[in-house]
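Residues per chain are reported as follows:
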Amino acid sequence: MKSSDYCPQISRLLPSFRGIPLKYISLVTLAVQNSLLTLIMHYSRVSIPPSQSYSAPTAVLLNELLKGFISLAIAFARINRVTPYTSDTPQLPLTASRFWHPTKVLLRVRRLGREVFSPDCWKLSIPAILYVIQNNLQYVAATNLEAATFQVSYQMKILSTAAFSVILLRKQLSASQWLALLFLAIGVGVVQIQTGVSDTSKVASSLLFHGTSMNALKGFLAVFAACFTSGLAGVYFEMVLKNSQSDLWIRNVQLSAFSLLPALVPIILSRPSETGLLSSLFENFGAWAWATVVIQVFGGLVTAMVIKYSDNILKGFATSLSIVISFLASVALFDFQMTFTFILGSVIVLIATWLYNQPGRNPSTSRLAYVGKN
C-alpha cells in the first residue's frame, strides 16, 4: 500500500467533528477558555469596589461542587465499561439491559459507590487541599495583576511541576528542557520587573473603574504560591493515577469530594458573626461571578478532552495561544500599556513553553500531570 493511500485511512480513524480532528478542537477551545477565564476573573474582581466584591472562596466552593456533580454523572455513565462484573454483581438478562431500568440503575449505583469510596480514596485528600489553596490564590493574583501579566506569570507552574516531577517521580529531563526552564524563569522575571517599574512610576494608574487598587507585589506572591501548590498537587495526582486502576472520572469525583471541607473553611472564618452562612455565601454574587465559575468548570471538562485526544506539543501551543489572546484582549479592554520589557518577557516565556514541549518526553505522564489545571 502506498503511503499516500495509508495517510487518508489514518486520518479517517482519528476522532473528529465535522471533519476537524478533536485534538485541534479541544486545544483551541482550551486556549480560548484559559484566556476567557483570566479576563473575566480579572474584570469581575476589579470592576467594582472591594466592599462590593463577591467572595472568592464561594466561587471556589461552587467550582468544586459543579465539577463533582458533572464528574459523578460521567462516571455513572461509564461505570459499566470501566468496572468488570464480579460474583456479587451478577450480569443482568437481556430483558433488563436498558440503561434506565431500575434494577440496572441500582447495580450501577452500588458499583459507583464502591469505586468512589474505595480504600485508597483518602490519597486524594492531599491534592484536593492543595487545589483549593491554588484556586483561592488565583483570585488574589487576578485581583492584583493585569490579565496579561497574570497569564504570563502563571506559566511558572511548568517550572514547579518539572521540579516536583524530578524530586518525587525521579523523572529525567533533557538538556533542552532544563534550558527551557531557565528561559521560563528569566522571562517571568523580566515581566515582573516591568510590572514593578510600571507600578512605582504610575501609582495613579493602578486605580481602576470604581477605585479598586492593584498591588503587583501581592499579586506576584500569590501567583508564585499558586504555581507551587499547582505543581505539587499535579505531580501527586499523577502518582495516584499511575498506581491505581480507577477511572479518571472516579478520581475527579473523589478530588471534588475531599475539596469541599477545605473550601468551606475560609467561608466560615470570613463570615461576619451577625449574618447567616447562606446569606453571606452569595452576597454580591452577580453575573460576572457566575460566569467565572462556569468557565472554570468548563475548563476542567476541556482538559479531560485534551488528555484523551491530544499530545504535549499541541498543549504547549494552546498555552502560547492563550497568552497571546490574553495580551491582545488586555490591550483592547483594560487599556494595558505595551512596553518593550513586557513583550520581551512574554516572547521568552513563549519560546520556553515551545522548547519544553518538544519531542522527547513521555507523553502519557505529561498528560497525567496536566489533569491538575483546573
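Rules and cut-offs
- Residues numbered from 1 in each chain as written.
- Predicted model: local features only at pLDDT ≥ 70, side-chain atom pairs only at ≥ 80, totals over all residues.
- Heavy atoms only, no water.
- Phe/Tyr/Trp six-rings, centres within 6.5 Å; stacked < 30°, edge-to-face > 60°.
- Helix = DSSP H or I, 4+ residues; strand = E, 2+ residues; numbered from the N terminus.
- Buried < 20%, exposed > 50% of the residue type's maximum accessible area, 1.4 Å probe, protein only.
- Core = buried A, V, L, I, M, F, W, Y, C linked by side-chain atoms within 4.5 Å.
- pLDDT = per-residue confidence, 0-100.
- Contact = heavy atoms within 4.5 Å.
- Lys, Arg positive; Asp, Glu negative; His and termini not counted.
- Salt bridge = Lys/Arg side-chain N within 4 Å of Asp/Glu carboxyl O.
- Polar contact = N/O pair within 3.5 Å; in protein donor to acceptor, adjacent residues only side chain to side chain.

Chemist: What is the right way to look at the packing of aromatic side chains in this model?
Modeler: Within a pair of aromatic rings, the relevant descriptors are the distance that separates the centres and the angle that separates the planes. Taken as a whole, this structure holds 9 aromatic pairs when the rule is applied. Both rings, one in Tyr43 and one in Trp288, keep their centres 5.0 Å apart while their planes meet at 70°; by these two values the pair is edge-to-face. Highlighted residues: Tyr43 in helix 2 (residues 22-46) and Trp288 in helix 12 (residues 287-309), separated in sequence by 245 residues. With relative accessibility at 28%, the residue Tyr43 sits in the partly exposed group. Ring geometry for Phe282 versus Phe285: centroids 6.0 Å apart, planes at 90°, classification edge-to-face. Judged by relative accessible area, Phe282 falls into the partly exposed class, the value being 37%. Here the aromatic residues Tyr54, Tyr139, Phe282, Phe285 and Trp290 are joined through ring pairs into a cluster of three or more.

Chemist: Would you explain the nonpolar core in this entry?
Modeler: Generally speaking, soluble globular proteins have nonpolar side chains that are buried together. With 29 residues, the main nonpolar core has Val223, Phe342 and Tyr356 as its most contacted residues. Within the residue set of this core, elements represented by two or more residues are helix 5 (125-144), helix 6 (147-153), helix 7 (156-168), helix 8 (175-201), helix 9 (216-242), helix 13 (312-333) and helix 14 (340-356). By size, the runner-up hydrophobic cluster in this structure holds 20 residues, among which are Ala59, Leu62, Leu281 and Val293.

Chemist: Quick question: what am I supposed to make of the confidence of the model for the protein chain here?
Modeler: Do not read the predicted coordinates in detail wherever pLDDT is low. Residues of the protein chain with pLDDT of at least 70 account for 74%, and the chain-wide mean is 77. Predicted confidence in the protein chain is weakest over helix 15 (residues 363-369), with a mean pLDDT of 41, and strongest over helix 5, with 93. With pLDDT under 50 throughout, residues 83-96 is counted as low confidence; its partners more than four residues away or in other chains account for 17 contacts. In the predicted structure, residues 199-208 sits below a pLDDT of 50 and forms 11 contacts with residues beyond four places in sequence or in another chain.

Chemist: Sorry if this is basic, but what is going on with the side chain of Arg45 here?
Modeler: Looking at the secondary structure, you find Arg45 in helix 2. Buried charge without a salt bridge: Arg45, with Glu283 as the nearest opposite-charge side chain at an N-O distance of 12 Å. Side chain to side chain, Arg45 and Thr143 meet in a polar contact 3.2 Å long.

Chemist: Got a minute to help me understand unusual backbone geometry in this structure?
Modeler: Comment: phi is negative for the bulk of residues other than glycine, and the bulk of peptide bonds are trans. One non-glycine residue, Arg170, lies in positive phi territory at about 55°. Assignment of secondary structure puts Arg170 in the loop between helix 7 and helix 8. Given a relative accessible area of 61%, Arg170 falls into the exposed group. Unlike most non-glycine residues, Asn284 shows phi in positive territory, near 60°. As for its placement among the helices and strands, Asn284 is situated in the loop between helix 11 (277-281) and helix 12. On the basis of relative accessibility, which here comes to 36%, the residue Asn284 falls in the partly exposed class.

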